Amino acid sequence: MGTSDRAIGTFETPVGPITVSSDGRSVVGLEWRSSPADAAGGEPDRDHSAGARDLDRGQATDGRMDPILVEAIAQLRAYFDGRLGEFDLPVAFGPISEVAKAVLTTLSETVEAGTTVTYGELAEASGTGIPARAVGGIMGLNPIPIIVPCHRVIAGDSLGGYSGGLPGHELETKRRLLEWENALPQPLF
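Residues numbered from 1 in each chain as written. Predicted model: local features only at pLDDT ≥ 70, side-chain atom pairs only at ≥ 80, totals over all residues. Heavy atoms only, no water.

J.: Tell me what's going on with the pairing of strand β3 (residues 27-32), and back it up with residues and numbers.
T.: The element β3 is extensively covered by neighbouring structure, given that five of its six residues are classed as buried. Here strand β2 (residues 18-22) pairs with β3 via five bridges, running antiparallel. If you follow Val20 over to β3, its bridge partner there is Leu30. Linking β2 to β3, which pair antiparallel, is a turn of four residues; within it Gly24 sits at a positive phi near 95°. (Buried < 20%, exposed > 50% of the residue type's maximum accessible area, 1.4 Å probe, protein only. Helix = DSSP H or I, 4+ residues; strand = E, 2+ residues; numbered from the N terminus. Pairing = 2+ DSSP bridges.)

J.: Outline the pattern of salt bridges, supporting the account with residue identities and numerical values.
T.: Counted according to the given criterion, the structure contains six salt bridges. Note that Arg152 is salt-bridged to Glu86, the shortest N-O span being 3.7 Å. Within this pair, whereas Arg152 is found in the loop between α6 (132-141) and β5 (153-154), its partner Glu86 is found in the loop between α3 (67-80) and α4 (98-110), the two being separated by 66 residues in sequence. Take Arg152: its relative accessible area is 1%, and that puts it in the buried class. The class of Glu86 is partly exposed, set by a relative accessible area of 36%. With a closest N to O distance of 3.7 Å, Glu98 and Lys101 form a salt bridge. With Glu98 and Lys101 both in helix α4 and three residues apart, this pair spans about one turn of that helix. Residues participating in the shared-partner salt-bridge network are Glu86, Arg152 and Glu181. (Salt bridge = Lys/Arg side-chain N within 4 Å of Asp/Glu carboxyl O.)

J.: Could you give me a rundown of the pairing of β2, with the residues and numbers involved?
T.: For β2, the tally of buried residues reaches five of five residues, placing the bulk of the element in the interior. Of the two faces of β2, the one carrying Ile18, Val20 and Ser22 and the one carrying Thr19 and Ser21 are both buried. Summarising the sheet, strand β1 (residues 7-11) and β2 pair through five bridges and their orientation is antiparallel. Following the sheet pairing, Ile8 is matched in β2 by Ser21. As consecutive antiparallel partners, β1 and β2 are separated by six residues, and within that stretch Gly16 has a phi angle of approximately 105°, a positive value.

J.: Lay out the side chain of Lys174 in plain terms, naming residues and giving numbers.
T.: As for its placement among the helices and strands, Lys174 is situated in helix α7 (residues 170-180). Here Lys174 occupies a buried position and makes no salt bridge, while the nearest side chain of opposite charge, Asp157, is found at 10 Å. In terms of polar contacts, Lys174 uses its side chain to reach the backbone carbonyl oxygen of Gly161, at 2.9 Å. Among all residues touching Lys174, those that are not within four sequence positions of it are Tyr119, His151, Val153, Ile154, Leu159, Gly160, Gly161 and Tyr162. (Lys, Arg positive; Asp, Glu negative; His and termini not counted. Polar contact = N/O pair within 3.5 Å; in protein donor to acceptor, adjacent residues only side chain to side chain. Contact = heavy atoms within 4.5 Å.)

Here it is as structure tokens:
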């Protein structure tokens, strides 16, 4: 299914506007949007107010409703309202290696809200034999941040890196998400 066949929903969160996309079977993307043109898929001449309302309800650009997207938006809203810690959504990682999929799946299945894991601990838990440094690169490949909680992966002595969030606010976003989950390790305050 091509990008144009995806259903896309954009809405405001405490960490900025995010856009979630679905291929009708799985959540396939989550990214931050910094402008209305970005939120509307880069179409600057589109009626953003009407588009935002349609997208917010989980409607594909061709008018179809996508139940996976509707559920993803509902769960993300519940997460940001403090009513949900763990997501129960089908996800598809797209064209990444089997090792990367294994690491992201391990993260998603074993690191609960309110907890963190170091890059090294996740490398070991994944059973892939990769070094901790490689886990950092894989976190940067994660197409579905928050839902697949790469913000919960930290360095042994710092927050580590983060590629999610609005440009220029990536680490601030990671810190805010960890604070939101009451998971910011004490030495990192």
